[in-house]
Amino acid sequence: MTAAPPLRIAIAGAGSSGMLLAILLERQGHQVSLFERAAAPRTEGCGILLVSAGVRAVAEAGVPGLAERLIAAGQPVRSYHFRNLLGGTINVAEADQAPHELPSLLIHRTAILETLWGELGPGLFHGGCAVESCHQDGAGVRLGLADGLGWEGDLLIGADGIFSQAAAAAVAPERHLNYLGDRVWRGVVPDDGFCQEGEFFVYARGRGIYANFFHLGPDAEGVARTHWGFFNEEELPVDRGEQRRLLQEPIPAEALAKLSAQAAAVIASTPPERVVANWSFDLDPLPRLVKGRIGLIGDAAHAMSSSQARGMTAGLEDAVYLARALANTPGDPTEALRVYGAERLPVVHDYQFRSREVSNRIGRSRRPHNQRPEPVAV
Ligand SMILES: Cc1cc2nc3c(=O)[nH]c(=O)nc-3n(C[C@H](O)[C@H](O)[C@H](O)COP(=O)(O)OP(=O)(O)OC[C@H]3O[C@@H](n4cnc5c(N)ncnc54)[C@H](O)[C@@H]3O)c2cc1C
């Protein structure tokens, strides 16, 4: 029996989902091109709670030492503290990790992306190369890239995030983003007093705000850090220019004043360049993840609210499932994609429904959570 020839696979988007997939497919011997809109890998960001399932997905990907390097770069969660806005304790829950389980990690996004980047073979990454158009037929896929460049090959995987071009153009043009009701600021600040090792604080939603804080461990210089997120309920301006302008503004003083003085002081001490802001959206569950030779992974497939801290984990799992489907179906890439889509769709729908349910319960979304579209044939 002769081995199946390597496939030419394009991945749009070098976030955590696209980068892990590129690593895994390159290790299978495929010719991988990782096209990224930004000139360099976008390793910036804030803290992430990478739940145990996400660490397990990386461990099961089978790249020697990768999960160990991630674990070394993060802090295991030890306890969740639920507080009212004045800082009074509502409840404390220990993070009960069974001895055989991998830890849930408090980790900087930069550490995750840089760990993945360290595994990526030379020549795969093409920065400043946005995928602008894609066409497929029985023989293959053709991409139009920025600067008039092009690419032809066997498969395209859209890992291009919540505003996915691949999803909108080729897989699910009917996709709908749902505004969750908050302007969100996140930051990382040098701090060694507010959260102790492994602590995650949740300030219960009330008076139009919600906040969380967690310990991020030391930076490269050994300085302890705290991550925070602050959510302010606001109408989304209709005008896109106004949306962008408001994301450059600091948290309104009257909103910050609703939080306990100690917690507000941690936020206020953050240098502006270490703060990122966005409007909160999730994606209505898609009817399909795959169409022919084009598949979706990560936020492109199922962007969800941060209420369950599942977003990055789900994208890492997608990458591992898709790589496995391709390895198990040599010589038939469209069948491999079909299997991936059929296996993964109900799983990610469940994540999306659960995260919407929690958002609804804590008042962050006004959209019914039980709108499950009927999957359609790919
Ligand atoms: C406030 C907030 C808090 C969160 N907290 C958590 C948490 O605690 N735990 C957790 O697991 N998840 C969390 N998430 C979700 C998590 O950050 C995302 O699910 C995850 O980063 C998505 O990774 P991705 O690789 O799929 O997409 P992205 O990281 O968005 O990467 C997409 C990449 O595609 C590129 N791109 C876009 N368009 C194109 C194009 N046309 N051509 C080429 N490249 C393109 C972009 O530049 C980008 O580099 C949070 C999200 C938010 C907003």
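Residues numbered from 1 in each chain as written. Predicted model: local features only at pLDDT ≥ 70, side-chain atom pairs only at ≥ 80, totals over all residues.

*Asks:* Describe the overall build of the protein chain, with residues and values.
*Replies:* Across its full length, the protein chain holds eleven helices and 19 strands. Relative to the globule expectation of 21 Å for 378 residues, the C-alpha radius of gyration of the protein chain, 21 Å, shows essentially globular dimensions. By the burial criterion, 42% of the 378 residues in the protein chain qualify as buried. Across the protein chain, every contact between residues at least 6 apart in sequence was considered, and the portion connecting residues at least 24 apart equals 71%. (Helix = DSSP H or I, 4+ residues; strand = E, 2+ residues; numbered from the N terminus. Rg over C-alpha atoms; globule rule 2.2 N^0.38 Å. Buried ≥ 20, exposed ≤ 12 C-beta atoms within 10 Å, placed from the backbone. Contact = placed C-beta atoms within 7 Å.)

*Asks:* How would you explain the nonpolar core if you had to name every residue and give the values?
*Replies:* Within the largest apolar cluster, 92 residues are counted, with the highest numbers of intra-cluster contacts made by Ile11, Leu21, Leu156, Ala166 and Leu322. Here the element with the most residues in this core is helix 10 (residues 311-328); it accounts for ten residues. With residues near it in sequence (within four places) discarded, Ile11 still touches Gly18, Leu21, Ala22, Val32, Leu34, Phe35, Ile157 and Ala159. (Core = buried A, V, L, I, M, F, W, Y, C linked by C-beta atoms within 7 Å.)

*Asks:* Describe the sheet that holds strand 3 (residues 47-50), listing the residues and the values that go with them.
*Replies:* Sheet strands associate in pairs through backbone hydrogen bonding, adopting either a parallel or an antiparallel arrangement. In spatial order, the strands read 3-7-4; together these three strands make up an open sheet with antiparallel pairing. The outermost strands of the open sheet, each flanked by one partner alone, are strand 3 and strand 4 (75-76). Direction of pairing for strand 4 relative to strand 7 (residues 105-108): antiparallel, over a ladder of two bridges. Across the sheet, residue Gln75 finds its bridge partner in strand 7, namely Leu106. Strands in contact with helix 4 (residues 109-117) are strand 3 and strand 7; relative to strand 7, the strand with the most contacts, it is inclined by about 80°. (Pairing = 2+ DSSP bridges. Axes fitted to C-alpha atoms, helices over the stretch in contact; angles between N-to-C directions.)

*Asks:* Before we move on, could you go through the packing of helix 1 (residues 16-27) against helix 4 and cite the residues and values that matter?
*Replies:* Where helix 1 contacts helix 4, the axes come no closer than 9 Å and their chain directions differ by 20°. With respect to each other, helix 1 and helix 4 are oriented roughly parallel. At the point where helix 1 passes helix 4, the crossing takes the left-handed sense. Every residue of helix 4 that contacts helix 1 at Ser16, Met19, Leu20 and Ile23 is listed here: Ile112, Leu113, Leu116 and Trp117. When the residues that make up the contact of helix 1 with helix 4 are grouped by side-chain class, the tally is seven nonpolar, one polar and no charged. (Parallel < 35°, antiparallel > 145°, perpendicular 65-115°, else oblique. Left-handed = near helix turned anticlockwise from the far one by under 90°. Nonpolar A, V, L, I, M, F, W, Y, C, P; charged D, E, K, R; others polar.)

*Asks:* Hey, could you go over the packing of helix 2 (residues 52-60) against helix 10 for me, with residue numbers and the actual values?
*Replies:* Direction vectors running N to C along helix 2 and helix 10 enclose 20°, while the axes themselves pass 8 Å from each other. It follows from the interaxial angle that helix 2 and helix 10 lie roughly parallel. In this structure, helix 2 meets helix 10 at a crossing whose hand is left-handed. Mapping the contact onto sequence places Ala53, Gly54, Ala57, Val58 and Glu60 in helix 2 and Met312, Thr313, Leu316, Glu317 and Val320 in helix 10. Across the contact of helix 2 with helix 10, the residue classes break down as six nonpolar, two polar and two charged.

*Asks:* Now, about the sheet that holds strand 10 (residues 141-145): what can you tell me, with residues and values included?
*Replies:* Strand order in this open sheet of three strands is 9-10-11, and the pairing throughout is antiparallel. Two strands in the sheet have a free side with no partner beyond their single neighbour: strand 9 (131-136) and strand 11 (150-153). Here the strands of the sheet are splayed against their neighbours by 15° on average, with no regard to which way each runs. Pairing analysis gives four bridges linking strand 10 to strand 11, with the strands arranged antiparallel. What sits directly across from Arg142, in strand 11, is Glu152.

*Asks:* Explain the site of the ligand to me, using residue names and the numbers behind them.
*Replies:* In the vicinity of the ligand there are 34 residues, among which Gly13, Gly15, Gly161, Gly298 and Gly311 approach most closely. If you list the elements that add at least two residues to the shell around the ligand, you get helix 1, strand 3, strand 13 (177-190) and helix 10. Take the shell around the ligand: its biggest share by element is four residues, from helix 10. (Near = placed C-beta within 6 Å.)

*Asks:* Please give an account of unusual backbone geometry that cites residues and values.
*Replies:* Among all residues save glycine, negative phi is the norm, and among peptide bonds the norm is trans. For Asp147, which is not glycine, the phi torsion reads 65° and is therefore positive. By secondary structure assignment, the location of Asp147 is in the loop between strand 10 and strand 11. With 8 C-beta atoms counted inside 10 Å, the residue Asp147 sits in the exposed group.

*Asks:* Quick one: what's the story with the confidence of the model for the protein chain, residue by residue and with numbers?
*Replies:* In the predicted model, the protein chain carries a mean pLDDT of 93, and the fraction of residues at 70 or more is 95%. Counting interchain partners and residues more than four positions distant, the pLDDT-below-50 stretch residues 372-378 has 15 contacts. (pLDDT = per-residue confidence, 0-100.)

*Asks:* Go over helix 10 with me, naming the residues and quoting the values.
*Replies:* Counted at 1.5 Å a residue, the expected span for helix 10 with its 18 residues is 26 Å, and the 26 Å between its end C-alpha atoms agrees. Helix 10 sits mainly inside the fold: 15 of its 18 residues count as buried. (Expected span 1.5 Å × (residues − 1).)

*Asks:* Break down the environment of Ala167 for me, citing the residues and quoting the values.
*Replies:* Residue placement: Ala167 occurs in helix 5 (residues 165-171). Judged by the 28 C-beta atoms lying within 10 Å of it, Ala167 is buried. Considered as a pair, Ala167 and Leu20 are 147 residues apart in the sequence and their alpha carbons are 19 Å apart. For Ala167, the contacting residues outside a window of four places in its chain are Gly158, Ala172, Arg175, Leu296 and Ala300.

*Asks:* Just give me the short version of the pairing of strand 9, but keep the residues and values in it.
*Replies:* Pairing of strand 9 with strand 10 involves five bridges; the strand directions are antiparallel. The partner of His135 across the bridge, within strand 10, is Arg142. If you look at the hairpin formed by strand 9 and strand 10, you'll find four residues sitting between the two strands.

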